[in-house]
Protein chains: 2
Amino acid sequence: MAEPLPDLIQEIVSDSTPDDSATILSALASQDDTAVATLLESLPVEHRIKLWQDLPRDRKLDVLVEMRSDPREILIDATAETDWVALFSDIEAEDLLELMDSLPNRIVHLAYAELDAQQQRFFRAATQFDDDEVGHWLTHDLLVLPLNAKVRDGLRLIRRNVPRHCDTIFLVNRSGQFSAAVRLTQIFGSPEHVPLVELIEDNMTVLKGNDESTNASLQVQRSGYAALPVVDDSNKLLGRLDITSASELINEFYERQVMATAGMDEDEDLFSPVAKSARNRALWLGINLLTAFLASWFIGLFEATLQQVVALAVLMPVVASMGGIAGSQTLTLIVRGLALGQVSPANRKALMIKELKVGGVNGVIWAVVIGVVAYFWFTDALLGMVICLAILFNIVAAALAGVLVPVMLDKFKIDPALSGSVILTTVTDIVGFVAFLGLGTLFLL
Amino acid sequence: MAEPLPDLIQEIVSDSTPDDSATILSALASQDDTAVATLLESLPVEHRIKLWQDLPRDRKLDVLVEMRSDPREILIDATAETDWVALFSDIEAEDLLELMDSLPNRIVHLAYAELDAQQQRFFRAATQFDDDEVGHWLTHDLLVLPLNAKVRDGLRLIRRNVPRHCDTIFLVNRSGQFSAAVRLTQIFGSPEHVPLVELIEDNMTVLKGNDESTNASLQVQRSGYAALPVVDDSNKLLGRLDITSASELINEFYERQVMATAGMDEDEDLFSPVAKSARNRALWLGINLLTAFLASWFIGLFEATLQQVVALAVLMPVVASMGGIAGSQTLTLIVRGLALGQVSPANRKALMIKELKVGGVNGVIWAVVIGVVAYFWFTDALLGMVICLAILFNIVAAALAGVLVPVMLDKFKIDPALSGSVILTTVTDIVGFVAFLGLGTLFLL
């Protein structure tokens, strides 16, 4: 049984003698490449580089491919240029596609030169597509037969070699256009002389090279097949998207969403160098600072009011916070709906009405609760009324913004998972402060 | 080619004549069950129920299984008790396991009675495990042979029937204990008399029934196999976790994380009834209200200061916002690290130091920027200095809290993805306000 990750991290970080190193390396022998990649990502930089250097040379490339870009780049920088040739000795097009964005151009050329002619062709074909298109992530190990092949031909092909995650034979016509697929399991059970066209699968989804990769990956996951065929615009078979690649693309999609809520990307390194990490995060802090100053500027309009009714200043965070939370709940729901293709012009209005109703109900309830608390805290009925109205107004505005902001961003092709929350809280902050301080100016002065 | 989801939603929502209904139903015939489930989730409740009632009876159960719990429950409530028997006509244990939490107990018993004896056994075995354990999500379609079987036996078994996502034959001993697995592709290429034990896979991961389901699913995804064997404590073969189930479990895990950041769960319905949705979200709003009042209470301690220096009230949101954003960046990184098993006692200290350094760098930069802006805005050098120090202090505290809060929550087995952000922003709000107003009281009065 492979050793758990935390134990390995512990051993490596407390590693002191050369004997320890040997023990660690032998423990790694029973870990798969992804596990070793995850381990490397978990290590502080100096330990990470040391372990990388100690790793058997024939595993290095496979482990590197499994790592996230940022932690990977640390190891790439720590690898001497002369070592690359040895690492690339049995590199394939898929590996190079995964690594190319992290490698200096010179090293990419070096690796490309190590590919055989066929792999070079695969590599060039893949780079015709963006990395958010299926064509970039194809597997080229295929079982292909001509349309007129029989079960006998299928069996012969299967006996030679079946690639991983491959459960169908693709049938193509003379021009290499995809026609249909036959399940391997159909072939085992049938007499040798039966033409394969009699066994083809109905309704198998065929992907296009420029299909968006997350959606296409979801189709693979739910297809019930280990892979789906991918064709170009003229229906020529390009390759297949297998369930491993599909699952990795989907995991990356979700991780991007999770990290985007804090303005980071999925490649962020747990132990990135301080300068790099600070720079990565500074932009997001800067954008938020602008929005915070904007909110402050609006508060500044009410300086005179605040001076006279200091309780307003005390309660400001309550108004802003309730609007922000209510809005982010709506926002999160809509962002997920957009990502799944569930939110569209046809149901937008119905969604808006439902969210406004939910906002209305919660708005009334919490407005009353907060109004009562404020009344007792400051023994001021008018203040209670002012905050009550401001909360109600802000929660309803938050529901509106929670639907509109992501829908508009999506229309302008801006990722709502990334920019949605900062715009939303700017709206709810400003609406909340202006409503609260404005009503305060009207009723309390 | 299947019609895209937004078009279908459009057609259904604008559906007016019975002719339209027929067109829509024929369009659905080319959609897979997950697509229909996603479509149903995207529809306002009255359209959802109508489409559900129009759906061919033999698809209903399969579609229901693919839906999220909340939108599914709307359809379950709209189904007459007398209709269930027909829907359950070919239900399997896996379907019932997926549905049981949404169904009234009485209906679960009804469905259970429709299972055959073997499926009832599978169902009972699965319910021995919690739904976050692998044992709950097993597939029982297995290819199993005794340890002494030969290639010939393997071929005979394969010709009969190979289940979906099954690329190995499991070998068991006389007591039903799992011994090893052989790839189907190894069997095709070998002579009939070869014992299967000569072809077994080394290093195949064997899962335990009570393994945590997300981790186990990740192991399946990266194993290169279509499924991994699952055994009980005495190594008896229970079933297998296939890559489809694994992928669904991982997608759910990620969706839970995304939704948790807004205090919701992954089953939240786009069109849930207003009362239910308001209730779901009220708790989260309530918890946040408590923390907002706590922040307000701390501000209240400085009422006298605020009255004299109203600029402090104007700038309060800037201090709170910068701390909140910086902290949530650290938090998000650590929460991901915890979920991936990358953060452990061994690297916690190194992580903390790195985050404090990043916080220090960004703290100094933004503290100076904000200090200068405040100085020019209010032409008050002391105010500039006060906010400068408060920002620096709050960003560093945010880095500390961003590491400590999720680590502590994880230790107490509380999901840091859910509760982390609310606790973190409470800390950064309070630290920020107290630092800012406290320094203001010291220097500006």
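The name an unreviewed UniProt entry assigns to chain A is Magnesium transporter, from the organism Salinimonas sediminis. In the Sequence similarities (unreviewed entry) part of its UniProt record, chain A is described as follows: "Belongs to the SLC41A transporter family." For the record of chain A, the UniProt heading Subcellular location (unreviewed entry) holds the text "Membrane".

Student: Could you give an account of the overall build of chain A, with specific residues and numbers?
Tutor: When helices and strands are tallied, chain A shows 20 helices and six strands. Its C-alpha atoms give chain A a radius of gyration of 29 Å, clearly above 22 Å, the size a compact globule of 445 residues would have. If one aligns the C-alpha atoms of chain A with their principal axes, the spans along those axes are about 90 × 65 × 40 Å. For chain A, the proportion of its 445 residues judged to be buried stands at 57%. Within chain A, counting contacts between residues at least 6 apart in sequence, those at least 24 apart form 67% of the total. Total accessible area on chain A stands at roughly 18,500 Å², and carbon and sulfur atoms take up 56% of it.

Student: I'd love a proper account of the interface of chain B and chain A, names of residues and values included.
Tutor: Taken together, the 107 residues of chain B in the interface contact 107 residues of chain A. The interface formed by chain B and chain A contains six salt bridges. Residues Arg222 of chain A and Asp32 of chain B are paired through a salt bridge, measuring 3.1 Å at the closest nitrogen-oxygen approach. Counting every contact that joins chain B to chain A gives 32 residue pairs in polar contact (both at pLDDT 80 or more). In terms of residue count, the dominant contributor to the side of chain B that touches chain A is helix α17 (residues 310-339) of chain B (17 residues). Its residues placed into classes, the side of chain B that touches chain A shows 57 nonpolar, 33 polar and 17 charged.

Student: Describe in detail unusual backbone geometry, supporting the description with residues and values.
Tutor: Residue and element names in this part refer to chain B. Positioned with a positive phi, Asn203 is a non-glycine residue whose angle comes to about 60°. Mapped onto the elements of the fold, Asn203 is located in the loop between α12 (184-188) and β4 (207-208). For Asn235, which is not glycine, the phi dihedral falls at a positive 70°. According to the relative accessible area criterion, Asn235 is partly exposed, its value standing at 29%.

Student: Account for the packing of aromatic side chains, naming residues and giving values.
Tutor: One pair of aromatic rings is described through two measures. These are the centre distance and the angle between the planes. Tallied over the entire structure, the rule returns 18 aromatic pairs over all chains. Seen in terms of ring centroids, Phe170 of chain A and Phe178 of chain A are 5.5 Å apart; in terms of plane orientation they differ by 85°. Their pairing is edge-to-face. For the pair formed by Phe170 of chain A and Phe178 of chain A, the shared burial category is buried. One aromatic cluster is present, built from ring pairs that chain together Phe253 and Tyr254 of chain A together with Phe253 and Tyr254 of chain B. Sitting above the plane of the Trp52 of chain B ring, Lys60 of chain B keeps its charged end 5.0 Å from the centroid.

Student: Explain helix α15 (residues 274-300) of chain A residue by residue, including any values.
Tutor: Here α15 of chain A is 27 residues long and its end C-alpha atoms lie 36 Å apart, about the 39 Å a rise of 1.5 Å per residue gives. In α15 of chain A, a bend of some 30° at Ala282 of chain A exceeds every other bend along the element.

Student: Outline the pairing of strand β3 (residues 178-183) of chain A, listing residues and values.
Tutor: Consecutive side chains along a regular strand alternate between the two faces of the sheet. Residue and element names in this part refer to chain A. Of all six residues in β3, five are buried, a share of seventy percent or more. Two strands pair when backbone bridges link them, and strand β2 (residues 168-172) and β3 are joined in this way by five bridges, in the antiparallel orientation. From the neighbouring strand, Phe170 faces β3, where its bridge partner is Ala181. Connecting β2 to the antiparallel partner β3 that follows it, the hairpin turn spans five residues, and Gly176 within it adopts a positive phi of roughly 80°.

Student: So, the sheet that holds strand β5 (residues 227-231) of chain B: which residues are in play, and what are the values?
Tutor: Residue and element names in this part refer to chain B. Spatial ordering of the open sheet is given by β4-β5-β6, a layout of three strands whose pairing is mixed. With partners counted over all chains shown, the strands left at the sheet margins are β4 and β6 (237-242), one partner each. Note that β4 and β5 share two bridges and pair parallel. The partner of Lys208 across the bridge, within β5, is Val231.

Student: Residues and numbers for the environment of Ile107 of chain B, please.
Tutor: Residue and element names in this part refer to chain B. Here Ile107 shows up in helix α9 (residues 105-114). Looking at Ile107, the relative accessible area reads 3%, which means it is buried. For the pair Ile107 and Lys60, spaced 47 residues apart in the sequence, the C-alpha separation amounts to 16 Å. Apart from the residues within four sequence positions on either side, Ile107 is in contact with Glu81, Trp84 and Phe88.

Student: Lay out the environment of Leu196 of chain A with the relevant residues and their values.
Tutor: Residues and elements named next belong to chain A. Positionally, Leu196 belongs in the loop between α12 (184-188) and β4 (207-208). Residues Leu196 and Pro4, spaced 192 residues apart in sequence, show a C-alpha to C-alpha distance of 47 Å. Apart from the residues within four sequence positions on either side, Leu196 is in contact with Leu145, Ala149, Lys150, Val151, Leu171, Val182 and Ile187.

Student: So what's going on with the packing of helix α1 (residues 5-13) of chain B against helix α3 (residues 33-42) of chain B? Residues and values would help.
Tutor: Residue and element names in this part refer to chain B. Running from N to C, α1 and α3 cross one another at 50°; their axes reach a closest spacing of 10 Å. One element, α1, and the other, α3, form an angle in the oblique class. Judged by the twist between their axes, the crossing of α1 over α3 is right-handed. Packed against α1, whose contacting residues are Leu5, Leu8, Ile9 and Ile12, the element α3 presents Ala35, Thr38, Leu39 and Ser42 at the interface.

How each quantity is defined
- Residues numbered from 1 in each chain as written.
- Chains lettered and ligands numbered in written order.
- Predicted model: local features only at pLDDT ≥ 70, side-chain atom pairs only at ≥ 80, totals over all residues.
- Heavy atoms only, no water.
- UniProt positions renumbered as here; feature names shortened; annotations may be inferred.
- Helix = DSSP H or I, 4+ residues; strand = E, 2+ residues; numbered from the N terminus.
- Rg over C-alpha atoms; globule rule 2.2 N^0.38 Å.
- Buried < 20%, exposed > 50% of the residue type's maximum accessible area, 1.4 Å probe, protein only.
- Contact = heavy atoms within 4.5 Å.
- Areas by Shrake-Rupley, 256 points an atom, 1.4 Å probe, with all protein chains shown as cover.
- Salt bridge = Lys/Arg side-chain N within 4 Å of Asp/Glu carboxyl O.
- Polar contact = N/O pair within 3.5 Å; in protein donor to acceptor, adjacent residues only side chain to side chain.
- Nonpolar A, V, L, I, M, F, W, Y, C, P; charged D, E, K, R; others polar.
- Phe/Tyr/Trp six-rings, centres within 6.5 Å; stacked < 30°, edge-to-face > 60°.
- Lys NZ or Arg CZ within 6 Å of the ring centre and 35° of its normal.
- Expected span 1.5 Å × (residues − 1).
- Bend = angle between axes of the 7 residues up to and from the residue.
- Pairing = 2+ DSSP bridges.
- Axes fitted to C-alpha atoms, helices over the stretch in contact; angles between N-to-C directions.
- Parallel < 35°, antiparallel > 145°, perpendicular 65-115°, else oblique.
- Left-handed = near helix turned anticlockwise from the far one by under 90°.

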